[in-house]
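Each chain is listed here by its residues.
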Amino acid sequence: MVERTPILNFVTHVILFLGFLMAVAPFVIVAIASSHNLKDVNDVPMSLLPGSDFWVNIKTAWTTADLGPKLLNSFIMATGVAAGKVIISALTAFSIVYFRYPGRTFIFWLIFVTLMLPLEVRIVPTYAVVANVLSPYQAILDVTGLSWLIEKVSGVQVSLNLGLLNSYSGLILPLIATATGTFLYRQFFLTVPDELTEAARMDGAGPIRFFIDILLPLSRNNMAALGTIMFLWAWNQYLWPLLITTDQSHATAVTELKQLIPNVGGIPEWNIAMAGTLIVMLPPLIVVVAMQRWFVRGLIATEK
Amino acid sequence: MASITIRDAKKSYAKLQVVHGVDLDIASGEFVVILGPSGCGKSTLLRMIAGLEEISGGEIAIDGTVVNRLEPRERGCAMVFQNYALYPHMSVAQNIGYSLKVAGVPSAERTQRIQAVARTLELEHLLDRKPMALSGGQRQRVAMGRAMIREPKVFLFDEPLSNLDAKLRVQMRSEIRKLHRRLNATSVFVTHDQVEAMTLADRLVVMNGGRVEQVGTPAEIYSRPASRFVATFVGAPAMNILEGTVELDGLSLLGGSRRLAMARAGLPVGTKVAMGIRPEAVRLVAPGTAGALNATVDLVEELGAGRVIYVDLDGAPFSVMTSEAVHPEPGSAVGLKILPEDMHFFSSETGSRLDVFKASVPEPAL
C-alpha cells in the first residue's frame, strides 16, 4: 500500500532516527572513550570530542589482555558453533521432515523441549557432563549393577572418564545442541515442493544425494542466516566459556575483557577497557557486514 | 520400450480407498491417456506405476517383471510432472543431465547426450540458463528433456500441460505426439482435459471414483460410451440426458410428457433408464415437424464456427450444437430432430450402457 502521508512519514522517520541514536550512542561513547588518555576519560563529564591516544590504548589493551590468542579462541569457538549448528540442524530437520519412522513425533518434541531449556537453565548438569562426557554411561553401569558385575568377573574397576574442560570441543559442543536452527530448516524444507523430491527419486537420487545435491544448495540462504546468527551468539557467550575454561590458554576474548576492567581501588583505566571492547566488537561486525545480503534473504523471502 | 500390466491394483490411505482394483494392459509403444475428473485416482494410479506411491494391493508389472517392491529408479520409468519440478539451482544442462550424473555416467558422454536431447527439443541456446529465466513452454521442454535423456522404458506424464496457456498447450500437444511417434516409447499420460485426451491417445482410459469406467480408442469412447459417466464426461458440450421409464410399447420421457415408441427388448415395465443424445447429433427443424420434439430456446452461445443452443424441454435443460446458420431468438419455439441411432441408453440404477433398445422415431406427447 502506498499512501501520501507527509506528516506520518516525518513522525516515523523521527522515531526511526531516535531508535538509531539509541542503538548507536553506546557504541560512539565506547569509541570516544577509547581515544582518551587516563585523565580525560575520568573527567566528569567525559569530553565527547575524540582524544589522541586511540592507537596507544588499542595497543595496551591488546597486550594486557593478551587478545591475539583470545580472539583466535573466540573465532574458533564461534566458527565451530556456527558450522556445527548449520550441519546438525540441517540433518535433524532433514530427518524430521523427510522420513517417516517410529518415534518421529517423540523426537520432534524432544528437540522442541530444548528450546525451553537453554544452556543457562541446565548449566550445572551440562557442566557435569562436559567434565566427564562418559559420566551418564558410568551412572547407567553403576545403577544397573553392571560395573559391579564386570569388577567381580574380570577384576577391572570400571571408571569411564573423558573430560572436555579446557578444550575447544568442550566450548563448542554444548552450544550446538539446541533446536533453533532445526526449526528454521524445518520451516524451509516444508516449503520445498514435494514434486522436487519426487523428481529426484525418479532421477535415481537416494536420500543422501537428494540432501547434498538438491536440498543443501537450495537452503544456501538459510545456512548463511543461521550461520551468521550463531556466530554472533557464540561470540557473545560469556557464562559458558567462563565456567569451563579455567586454563588461560582456552579463554575467549569476551571473558578476557574482564581483565581490562579496573578493579576497585585500582587505576581506573576505562580508556583501555573501552579500547579492548572495541577490538572484541569488531569481528562480529565484520561478519554481519559481509553476510548481510545473504542473511536478510535467508530470513525473509524464498526464491522459487 | 515395455508393456505394462496392471492387475487388480488398489491404493488406500489408512481407511480411505482411492483406487479400487484397476486392471489394465498397456502394449509396448502404446500411448495411453488416463482421463477423469480431479480426485478420480488417475494421478495416484500413475504414481503407483512410477513407484512414488506404494501399491496397497494387486500387482503392477513392467515388461513382465513385477515392480511392486522396486524403487522408482529401478523401474525404468521417467516422469514429467505437472509443475515441471525442475531443480531451481541447476542450469538447464544440469537439470537434464542430473539422472546421468547420479548414475555415474562419465562427464564427456553426459555432455554429448545432453547436447543430443537439447537438439531434439530445440533447447541448445538455453542450456546455461536457470529454470527461473525460462518461459512456461521452455520449462516444459526441459522437463521432457530430463525424462528423455534416460532413454526410459516408460514415459509417465502427470498433467504436464495444465499450467500452459491455451495456445502453447495445443503446440506442446502436437510436439508430445510427434516425439512419441519418433521415440515410440510406451507412454502413460494423465489429464482431466478431454480434448488433450482425445487428440493424444492411442487408447483412452476413463476413470471415475477410483475405478476404470471404460477403455477404448477415443472414437469408441465417443461413439459408444460404456456408462452414463463416460457419456457425460467425454464430449463438449456434455451429452444431454433425459430420464425415462420403460413402458409396454416404448419409453416415457420427462415424467410422461414425451413418449418414444420402440421395442421393449426384455426390460421389465417400470425400469428407470436414462437416454443420452449428444448435442451435435440433434438437428434443428421447424417447430411442429412430424417426429420432432418441440422446445423453447433459452440461450444461444456463439462459437464462431457454430453455436450452442440451450433449449427448455418441458423444464429439462437440453443443448443443441449446430453449425448451420440458424439464429433462433431466445423464447422462440424450435423442433428437435433426433435419429434413433444417435440415442444412448443407460441404466438409471447402475449407469451402465444398455444396448437392448431399438428406438424408433419419438412421437410428440399425448
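Residues numbered from 1 in each chain as written. Chains lettered and ligands numbered in written order. Predicted model: local features only at pLDDT ≥ 70, side-chain atom pairs only at ≥ 80, totals over all residues.

Colleague: Hey, could you run me through the overall build of chain B in this one?
Modeller: Within chain B, the secondary structure is distributed over 9 helices and 22 strands. Across the 366 residues of chain B, 40% fall into the buried class. A separation of at least 24 residues holds for 65% of the contacts in chain B among residues at least 6 apart in sequence. (Helix = DSSP H or I, 4+ residues; strand = E, 2+ residues; numbered from the N terminus. Buried ≥ 20, exposed ≤ 12 C-beta atoms within 10 Å, placed from the backbone. Contact = placed C-beta atoms within 7 Å.)

Colleague: Please explain the overall build of chain A as it appears in this structure.
Modeller: The number of helices and strands found in chain A is 16 helices and 0 strands. Since a compact globule built from 304 residues should have a radius of gyration of about 19 Å, the 25 Å found for chain A marks it as more spread out than a globular shape. In terms of overall dimensions, chain A has C-alpha extents of about 70 × 70 × 30 Å along its principal axes. Counting over 304 residues, chain A shows a buried share of 31%. Considering only residue pairs separated by 6 or more positions, chain A has 75% of its internal contacts joining residues 24 or more positions apart. (Rg over C-alpha atoms; globule rule 2.2 N^0.38 Å.)

Colleague: What should I look at first to understand unusual backbone geometry in this one?
Modeller: Backbone phi values are negative for most residues with the exception of glycine, while trans is the configuration of most peptide bonds. Following Ala-236 of chain B, the chain continues to Pro-237 of chain B via a peptide bond in cis, the omega torsion being -5°. Among the structural elements, Pro-237 of chain B can be located in the loop between α9 (228-233) and β11 (240-247). Residues other than glycine seldom take positive phi values, yet Asn-166 of chain A does so here, at roughly 55°. Looking at Asn-166 of chain A, the number of C-beta atoms within 10 Å reads 15, which means it is partly exposed.

Colleague: Help me understand the interface of chain B and chain A, please; the structure alone is not making it clear to me.
Modeller: Where the parts come together, the accessible area they lose is often given as the size of the interface. Taken together, the contacts link 16 residues of chain B with 15 residues of chain A. Of all elements in the fold, only α2 (72-75), β6 (77-80) and α3 (92-102) of chain B reach the threshold of two or more residues within the side of chain B that touches chain A. Considering each element in turn, the side of chain B that touches chain A owes the most residues, 3 residues, to α3 of chain B. Of the residues assigned to the side of chain B that touches chain A, the class counts are 12 nonpolar, 3 polar and 1 charged. (Nonpolar A, V, L, I, M, F, W, Y, C, P; charged D, E, K, R; others polar.)

Colleague: I'm lost on the sheet that holds strand β16 (residues 293-302) of chain B in this one. Help?
Modeller: Where strands meet in a sheet, backbone hydrogen bonds hold them as pairs that are either parallel or antiparallel. Residues and elements named next belong to chain B. Pairing is antiparallel in the open sheet, where 5 strands are placed in the order β15-β19-β16-β17-β18. Strand pairing shows two members of the sheet lacking a second neighbour, β15 (283-285) and β18 (316-322), which therefore form its edges. The average undirected angle you get between the axes of adjacent strands in this sheet is 45°. Note: strand β17 (residues 307-313) against β18, 7 bridges, orientation antiparallel. From the neighbouring strand, Leu-313 faces β18, where its bridge partner is Ala-316. (Pairing = 2+ DSSP bridges. Axes fitted to C-alpha atoms, helices over the stretch in contact; angles between N-to-C directions.)

Colleague: Help me out: how do you make sense of helix α12 (residues 207-218) of chain A in this one?
Modeller: Residues and elements named next belong to chain A. Its 12 residues place the ends of α12 15 Å apart at the C-alpha level, agreeing with the 16 Å of an ideal helix rising 1.5 Å per residue. Within α12, burial applies to Phe-210, Asp-213, Ile-214, Leu-215 and Leu-218. Taken end-on, α12 shows its buried residues confined to a sector of 155°, consistent with a single buried face. Opposite the buried face of α12, at more than 90 degrees from it, the exposed residues are Ile-208 and Ile-212. Where the residues of α12 are buried, they touch α4 (67-98), α10 (180-191) and α11 (194-202). (Expected span 1.5 Å × (residues − 1). Arc of directions from axis to C-beta.)

Colleague: What's the story with the confidence of the model for chain B in this structure? I'm lost.
Modeller: Detail in the predicted coordinates should be disregarded across regions flagged by low pLDDT. Residues and elements named next belong to chain B. Residue-level pLDDT values for chain B average 86, and 95% of them are 70 or greater. Looking across chain B, the model is least confident in strand β22 (residues 358-363), with a mean pLDDT of 50, and most confident in strand β3 (residues 31-35), with 93. Between residues 361-366, whose pLDDT stays under 50, and residues either more than four places distant or in other chains, the model counts 14 contacts. (pLDDT = per-residue confidence, 0-100.)

Colleague: Whenever I open this one, the domain arrangement of chain B confuses me. Can you help?
Modeller: All names here are of chain B. Each assigned domain of chain B is listed here: domain 1 (4-232) and domain 2 (237-363). With centres defined by C-alpha atoms, the gap from domain 1 to domain 2 works out at 39 Å. Each partner contributes to the interface: domain 1 provides 7 residues, whereas domain 2 provides 10 residues. Its residues placed into classes, the side of domain 1 that touches domain 2 shows 4 nonpolar, 2 polar and 1 charged. (Domains from an automatic or database assignment.)

Colleague: I would appreciate a short explanation of the sheet that holds strand β4 (residues 57-62) of chain B in the present structure.
Modeller: All names here are of chain B. Taking strand neighbours across the sheet as the criterion, the 4 strands line up as β2-β1-β4-β5 in an open arrangement whose pairing is antiparallel. The open sheet terminates on both sides in strands that have one partner only, identified here as β2 (16-26) and β5 (65-66). Examined bridge by bridge, strand β1 (residues 4-13) and β2 share 7 bridges and lie antiparallel to one another. Among the inter-strand pairings, Ala-9 is bridged to a residue of β2, identified as Val-22. Each of β1, β2 and β4 touches helix α1 (residues 42-50); the most contacted strand, β1, lies at about 115° to it.

Colleague: Even after reading the chapter, I still don't get the nonpolar core, so can you show me in this structure?
Modeller: Within the largest apolar cluster, 155 residues are counted, with the highest numbers of intra-cluster contacts made by Val-33, Ile-34, Ile-49, Leu-156 and Val-205 of chain B. Here this core gets 11 residues from one element, more than from any other, and that element is α4 of chain A. Inspection of this core shows a minimum of three residues originating in each of domain 1 (4-232) and domain 2 (237-363) of chain B. Here Val-205 of chain B is in contact with Leu-24, Val-32, Val-33, Ile-34, Leu-35, Val-212 and Val-215 of chain B, once residues within four sequence places are set aside. (Core = buried A, V, L, I, M, F, W, Y, C linked by C-beta atoms within 7 Å.)

Colleague: Any chance you could explain the environment of Val-264 of chain A here in plain terms?
Modeller: You can see Val-264 of chain A is positioned in the loop between α15 (253-256) and α16 (270-299). Sequence separation of Val-264 of chain A and Lys-85 of chain A is 179 residues, and the distance between their C-alpha atoms is 40 Å.

Colleague: Any chance you could explain the environment of Ile-15 of chain A here in plain terms?
Modeller: In this structure, Ile-15 of chain A sits in helix α1 (residues 6-33). As a C-alpha pair, Ile-15 of chain A and Asn-73 of chain A span 58 residues in sequence and 39 Å in three-dimensional space.

Colleague: What exactly am I supposed to notice about the UniProt feature "transmembrane region" (unreviewed entry) in chain A here?
Modeller: Residue and element names in this part refer to chain A. Summarizing the sequence annotation, UniProt attributes the feature "transmembrane region" (unreviewed entry) to residues 7-33, 75-99, 106-128, 168-189 and 272-296 in the numbering used throughout. Along residues 75-99, the helical share is 96% and the strand share 0%, with 35 Å between the first and last C-alpha atoms. Structurally, residues 168-189 comprises 86% helix and 0% strand, and the distance from its first C-alpha atom to its last is 31 Å. (UniProt positions renumbered as here; feature names shortened; annotations may be inferred.)

Colleague: Help me understand the environment of Ser-352 of chain B, please; the structure alone is not making it clear to me.
Modeller: Structurally, Ser-352 of chain B can be placed in the loop between β20 (343-347) and β21 (353-354). Beyond its immediate sequence surroundings of up to four residues, Ser-352 of chain B is in contact with Ala-226, Ser-227, Phe-346 and Ser-347 of chain B.

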